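# Breakdown of the fold
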Amino acid sequence: MKVRVNVMLKEGVLDPQGKAIGHALDVLGFHGLGEVRMGKVIEIEVPAQKSQDEAASLGEAMARELLANLVIEDFTVEVLS
Amino acid sequence: MKAGIVLFPGTNRERDMAQALRLVSGREPVMLWHRDTALPSLDLVVLPGGFSFGDYLRSGAMGAHSPIMREVRAFAEAGGHVLGVCNGFQILTEAQLLPGALLRNASMRFLSQDCHLKVENNISPYTRGWSKGDVFRAPMAHGDGNYNAAPDVLDRLEGEGRVAFRYAEANGAVDAVDPALNPNGSMQAIAGILSENGRICGLMPHPENLVDPDLGATDGVPLFKGLVESLVA
């Protein structure tokens, strides 16, 4: 079983990487795009005997402790079976 | 002044820091390994610059969870003095020993250049060697130095006089929106901050790299002199 933690910069926090990507896309001809934001995806194998809920709360605990910096980032957790 | 310098895998400025401490305090600092689980008796712990754990995940995120950080936290909570420079500042924010976070430079560029810092507080052990408003030169070399914090945190830092250093022009002018004066885009041009008790200090530039007259300038000496005066008295 896997949990996937998606980490994104909070809204309002400047994302220069997203900006640079948006600029590059525009140069490539993808015009008319709005804001581009970049985040991180972390997939973690968790013990198979965990229930969905247990896996989700494990993912949340790991995100809070290490994977996301809550000063600047938000996260979501998905459980993949 | 007994100082200890913490080494993480990827730390690379420990020798510069050791040289500065040696030169100004006359004592040899001890080197500590990030996996140590006890600190010797110390007056000051320094987290030096570098790229601990290759900056994986976020700069300083891994280092903040190294075993020695439990000891550093206990040392700080007992009133100990902790200085974090560059990656050390990033580690201190990740460990929540200092508020805020250091994001990618607004320009997206790694900046290796000199900058000028304006002293905003001259009552902490780290800043008492200067007068308020003094400007000094310091080298900087970082990719993630863009200081960010929530508005209420910034208000508190400003209101409590905990902004230690701000990026400035040589004449002391500060302009947070001018990339020439605020090279990494930090909020309110903040380059260094202090903890509530004034005993933890983090800053991105490297005062330890300008302490030896043989290298052309001694702009960084007041930081170390102030520490020695505070901690030896």
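The structure reproduced in this document is the subject of the present report. Just so we're clear, the structure is a prediction, and the values are computed from it rather than from any experiment.

## Some words on the overall build of chain A
If you tally the helices and strands in chain A, you get two helices and three strands. Secondary structure elements in chain A, listed N-terminal to C-terminal, are β-α-β-α-β. In terms of overall dimensions, chain A is more spread out than a globule: its C-alpha atoms have a radius of gyration of 16 Å, far above the 12 Å expected for 81 residues. Projected onto the principal axes, the alpha-carbon positions of chain A cover approximately 50 × 25 × 15 Å. Relative to its full complement of 81 residues, chain A shows a buried share of 27%. Of the contacts made within chain A by residues no fewer than 6 positions apart, 73% connect residues no fewer than 24 positions apart. Carbon together with sulfur atoms contributes 55% to the accessible area of chain A, which is approximately 5100 Å² in total. Both charge centroids of chain A, one from 8 positive and one from 13 negative side chains, sit 3 Å from each other.

## Considerations on the sheet that holds strand β3 (residues 73-80) of chain A
Residue and element names in this part refer to chain A. What the three strands build is an open sheet, ordered β2-β1-β3; its pairing is antiparallel. A single partner strand is all that each edge strand has here, and the edge strands are β2 (39-45) and β3. When strand polarity is set aside, the average angle formed by the axes of neighbouring strands in this sheet is 20°. Inspection of the sheet shows strand β1 (residues 2-9) paired to β3 by eight bridges, in the antiparallel sense. The partner of asparagine 6 across the bridge, within β3, is threonine 76. Along the sheet face, helix α2 (residues 52-67) touches β1, β2 and β3 and points at about 150° away from the line of β3.

## Quick word on the environment of Leu223(B)
For Leu223(B), the location among the structural elements is in helix α5 (residues 221-232). The sequence separation of Leu223(B) and Arg128(B) amounts to 95 residues, and the corresponding C-alpha distance is 7.6 Å.

## Examining the nonpolar core
Core analysis: the largest hydrophobic core is formed by 65 residues, its most contacted members being Leu21(B), Leu44(B), Leu83(B), Leu117(B), Tyr147(B) and Phe165(B). Sort the elements by how many residues they give to this core and α5(B) lands first, with six residues. Setting aside residues no more than four positions away along its own chain, Leu44(B) makes contact with Met1(B), Lys2(B), Ala3(B), Gly4(B), Leu21(B), Phe75(B), His81(B), Val82(B), Leu83(B), Tyr126(B), Leu227(B) and Leu231(B). In terms of nonpolar packing, the next biggest core, distinct from the first, is built from 11 residues, Val3(A), Ile42(A), Ile44(A) and Leu67(A) among them.

## Section: the sheet that holds strand β2 (residues 30-33) of chain B
The strands making up a sheet associate through backbone hydrogen bonding, with each pair oriented either parallel or antiparallel. All names here are of chain B. Spatially, nine strands are ordered β2-β1-β3-β4-β11-β10-β9-β6-β7 in an open sheet, and the strand pairing comes out mixed. Two strands lie at the open edges of the sheet, namely β2 and β7 (135-142), each paired on one side alone. Ignoring strand direction, the axes of neighbouring strands in this sheet form an average angle of 25°. The sheet contact formed by strand β1 (residues 3-7) and strand β3 (residues 44-47) spans three bridges and is parallel. The residue of β3 that forms the bridge with isoleucine 5 is valine 46. Seen against the sheet, helix α1 (residues 14-25) touches β1, β2, β3 and β4 (81-85) and runs at an angle of roughly 175° to β1. Taken strand by strand, helix α4 (residues 151-159) contacts β9 (163-168) and β10 (190-194), and its axis lies near 70° from that of β10.

## Quick word on the environment of Asp212(B)
All names here are of chain B. Within the secondary structure, aspartate 212 is located in the loop between β11 (200-203) and α5. For aspartate 212 and leucine 23, which are 189 residues apart along the polypeptide, the C-alpha to C-alpha distance reads 7.9 Å. Residues within four places of aspartate 212 in sequence aside, it is in contact with Gln19, Leu23, Ala217 and Thr218. Within the structure, aspartate 212 has its side chain in polar contact with the backbone nitrogen of aspartate 214 (distance 2.9 Å).

## Points about the interface of chain A and chain B
Listed per partner, the contact involves 15 residues of chain A and 14 residues of chain B. Both faces considered, chain A and chain B share a buried interface measuring about 1200 Å² in area, 68% of it formed by carbon and sulfur atoms. Where chain A packs against chain B, one counts one salt bridge. As a salt-bridge pair, Glu73(A) and Arg58(B) come within 3.6 Å of each other at their nearest N and O atoms. By residue number, the principal contributor to the side of chain A that touches chain B is α2(A), which donates three residues. Tallied by class, residues from the side of chain A that touches chain B come to 10 nonpolar, two polar and three charged.

## As for the pairing of β4(B)
Residue and element names in this part refer to chain B. Burial analysis of β4 places five of its five residues in the buried class, the great majority of the element. The side-chain alternation of β4 yields two buried faces, one formed by His81, Leu83 and Val85 and the other by Val82 and Gly84. Pairing of β3 with β4, which is carried by four bridges, proceeds in the parallel orientation. Bridge assignment links valine 46 to a residue of β4, and that residue is leucine 83. Read from β3 through helix α2 (residues 68-77) to β4, the crossover connection turns out right-handed. Judged from the four bridges that link them, β4 and β11 form a sheet pairing that is parallel. Bridging across to β11, valine 85 finds its partner in leucine 203.

What counts as what
Residues numbered from 1 in each chain as written. Chains lettered and ligands numbered in written order. Predicted model: local features only at pLDDT ≥ 70, side-chain atom pairs only at ≥ 80, totals over all residues. Heavy atoms only, no water. Helix = DSSP H or I, 4+ residues; strand = E, 2+ residues; numbered from the N terminus. Rg over C-alpha atoms; globule rule 2.2 N^0.38 Å. Buried < 20%, exposed > 50% of the residue type's maximum accessible area, 1.4 Å probe, protein only. Contact = heavy atoms within 4.5 Å. Areas by Shrake-Rupley, 256 points an atom, 1.4 Å probe, with all protein chains shown as cover. Lys, Arg positive; Asp, Glu negative; His and termini not counted. Charge placed at Lys NZ, Arg CZ, Asp CG, Glu CD. Pairing = 2+ DSSP bridges. Axes fitted to C-alpha atoms, helices over the stretch in contact; angles between N-to-C directions. Core = buried A, V, L, I, M, F, W, Y, C linked by side-chain atoms within 4.5 Å. Polar contact = N/O pair within 3.5 Å; in protein donor to acceptor, adjacent residues only side chain to side chain. Buried area = accessible area lost by both parts, 1.4 Å probe. Salt bridge = Lys/Arg side-chain N within 4 Å of Asp/Glu carboxyl O. Nonpolar A, V, L, I, M, F, W, Y, C, P; charged D, E, K, R; others polar. Right-handed = clockwise from strand over helix to strand, strands pointing away.

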